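# Structure at a glance
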Amino acid sequence: MNFTPLHRLLGIEPAPLTDEMIDRAIEQAIVETDDLDWKSALPPAKGLPQTDFPKDVAAMANSGGGMIVYGVTEDQKAATGRTDAGDLDEGHERALRSAAVTAISPPIFGLEIHRLGAPGARVVAVVVPASVDGPHLIYRGELFGAPVRNDADTIWMRERQIEAMYRARFDERRHATEALDHLYTEATHGRDIESRAWLIAVAHPRLPATSTDRPTREDAKDIFETAGRRALSYADRRGIHPLETVDRLNPRPGLRRWVAPNTATTDTARWKEAWASVHYDGSVSIATAIGAHRSGAGTYLPGSQVRSGAIECAIADLMGLVRAVGQRQALGEYEVVVGVEWSGTEPLL
């Protein structure tokens, strides 16, 4: 689901971006802000890195993200009407994405480009994601600058602003590492890693969710179910999927999270024990036993021996969870840590 600056200014809940929203913005004469910019026509695909497009995108990213809407006229920064933004074919869209990567440093990935309206009144909305990699710089020959939005205008950062953004970037990286380490330690706690190897996989969103609503039990159930279906498309049943071993239909409340508990509790099923969690902040975690798996009727591998299929299925399940949570909470990039924990005497094989 999308939640753009236009949604916010129109008072609309997260929903797909529509042509009707553009009409409503014009009717209400929505004014440009630091995260919304009206423009009448798309820049040409040829020579795009030399146009203002990279500067506009970098300024949005440096200001916390936003959107540039092509095909809307404005007067005194207020939307006044529609014009045709021009044709946006596949090559032109590729050029827009390429300019955000090659003409900006660090590059900006994940542009959302929406085509709206009919010929004669076409609109192209470019949604620029928030970034933790600022400041994003624009180079002109041997000179460079860091653009930023100042209300409806784009200006160049001063030295102290650039310094502050670098400090924020380094602080974020340190906090992200601490958050991942904490998640990983939590997921490892209490596992019998001295008798069998465990795979621990955790993921934490690089940027917080736009929605602060706590997921309900039904939300968590849907996330686990969706993740399980996706995981089977990433990796089929060549191994044991942790999400098929946990209770996806009855998640339990935990500490700021929903936990899908292990269902392999009998002596004959214990070899495929697994746990999965979806945290309120969008983080996810999986802990699954991958050593001492069953090798035949009543026979089991040593705790130090791991089949590659078990790892493949666990990673597929992690990515399924990341995808399901990310789509529900409008999250983009994740930091991920995956490890195999084993403290037995035999070498891990």
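Please refer to the structure placed before this passage.
An account of the accompanying structure is given in this report. (Residues numbered from 1 in each chain as written. Predicted model: local features only at pLDDT ≥ 70, side-chain atom pairs only at ≥ 80, totals over all residues. Heavy atoms only, no water.)

### What about the overall build of the protein chain?
Across its full length, the protein chain carries seven helices and 19 strands. Taken across its 349 residues, the protein chain has 48% of its residues classed as buried. Counting contacts in the protein chain only where the partners sit at least 6 residues apart, residues at least 24 apart contribute 66% of the total. Here the protein chain has roughly 17200 Å² of accessible surface; of this, 51% comes from carbon and sulfur atoms. (Helix = DSSP H or I, 4+ residues; strand = E, 2+ residues; numbered from the N terminus. Buried < 20%, exposed > 50% of the residue type's maximum accessible area, 1.4 Å probe, protein only. Contact = heavy atoms within 4.5 Å. Areas by Shrake-Rupley, 256 points an atom, 1.4 Å probe, with all protein chains shown as cover.)

### Points about empty space enclosed by the protein
Tallying each qualifying case throughout the model produces one cavity of 30 Å³ or more. Computed from the structure, the largest cavity encloses a volume of approximately 40 Å³. Lining the largest cavity, in full, are I240, H241, P242, T245, K272, A274, T288, A289, H293, A310 and A314. Looking at the lining of the largest cavity, its residues break down into six nonpolar, four polar and one charged. (1 Å grid on protein atoms, 1.4 Å probe; cavity = no way out; pocket = protein on both sides within 12 Å on 5 of 7 lines; lining within 4 Å. Points joined across faces, edges and corners; volume = space filled by probe spheres on them. Nonpolar A, V, L, I, M, F, W, Y, C, P; charged D, E, K, R; others polar.)

### Remarks on the sheet that holds strand β2 (residues 66–70)
Read from one edge to the other, the open sheet built from four strands follows the order β1-β2-β7-β6, with strand pairing classed as mixed. Edge strands, defined here as strands with exactly one partner in the open sheet, are β1 (36–39) and β6 (112–116). Strand-to-strand twist in this sheet, taken as the mean axis angle between neighbours without regard to direction, amounts to 15°. Relative to strand β7 (residues 123–128), β2 is paired through five bridges, and the arrangement is antiparallel. Residue pairing across strands places M67 opposite V127, the latter belonging to β7. (Pairing = 2+ DSSP bridges. Axes fitted to C-alpha atoms, helices over the stretch in contact; angles between N-to-C directions.)

### A closer look at the pattern of salt bridges
Under the defined criterion, the tally for this structure stands at 23 salt bridges. A salt bridge links R149 to D37; the shortest N-O distance between them is 3.5 Å. Of the two residues, R149 sits in strand β10 (residues 147–150) while D37 sits in strand β1, which places them 112 residues apart along the sequence. A single burial state applies to R149 and to D37, both of which are buried. For D192, the salt bridge is made with R270, and the minimal N-O distance between the two is 2.7 Å. Highlighted residues: D192 in the loop between α5 (159–188) and β12 (198–205) and R270 in the loop between β14 (257–260) and β15 (274–279), separated in sequence by 78 residues. Residue D192 is classed as buried on the basis of its relative accessible area of 14%. Overlapping salt bridges bring together D37, K39, D56 and R149 as one network. (Salt bridge = Lys/Arg side-chain N within 4 Å of Asp/Glu carboxyl O.)

### Some points on the nonpolar core
F224, L243, A276, V278, V284, L321 and V325 are the most contacted members of the largest nonpolar core, which totals 29 residues. Elements represented by at least two residues in this core include exactly β12, α6 (217–234), β14, β15, β16 (284–289) and α7 (308–328). In terms of residue count, α7 provides more of this core than any other element does, seven residues in total. Those residues in contact with V325, other than ones at most four positions away along the chain, are I223, V278, G282, V284, L331 and Y334. By size, the runner-up hydrophobic cluster in this structure holds 23 residues, among which are L42, Y70, L96 and V124. (Core = buried A, V, L, I, M, F, W, Y, C linked by side-chain atoms within 4.5 Å.)

### Brief notes about the layout of surface pockets
The computed volume of the largest pocket comes to approximately 1200 Å³. What lines the largest pocket is a set of 37 residues, and nearest its centre among them are E112, P129, A130, A330 and G332. Contributing elements (two or more residues each) for the lining of the largest pocket: α1 (5–10), β7 and α7. Ranked by the residues each element gives to the lining of the largest pocket, the list is headed by α7, at four residues. Across the lining of the largest pocket, the residue classes break down as 17 nonpolar, 13 polar and seven charged.

### A short note on the packing of aromatic side chains
Inspection of every chain in the model, using the stated rule, returns two aromatic pairs. Residues Y139 and F144 carry aromatic rings whose centres are separated by 5.6 Å and whose planes lie at 40° to one another, so their mutual orientation is tilted. Taken together, a centroid distance of 6.3 Å and an interplanar angle of 25° make the contact between Y166 and F170 stacked. With Y166 and F170 both in helix α5 and four residues apart, the pair spans about one turn of that helix. The exposure class assigned to Y166 is partly exposed, which follows from its relative accessible area of 28%. (Phe/Tyr/Trp six-rings, centres within 6.5 Å; stacked < 30°, edge-to-face > 60°.)

### Section: α5
Taking 1.5 Å of rise per residue, 30 residues should cover 44 Å, and α5 covers 44 Å from first to last C-alpha, within 8% of that figure. Once α5 finishes, G190 follows within two positions and takes phi at roughly 85°, a positive value. (Expected span 1.5 Å × (residues − 1).)

### A few points about the pairing of strand β11 (residues 153–156)
As judged from the four bridges shared by β10 and β11, these two strands associate in the antiparallel manner. Considered in β11, the bridge of P147 is made with W156. Here β10 folds back onto β11, and the loop between the two strands holds two residues, one of which, D151, carries a positive phi near 60°.

Purely geometric stuff here, so don't read any function into it on its own.
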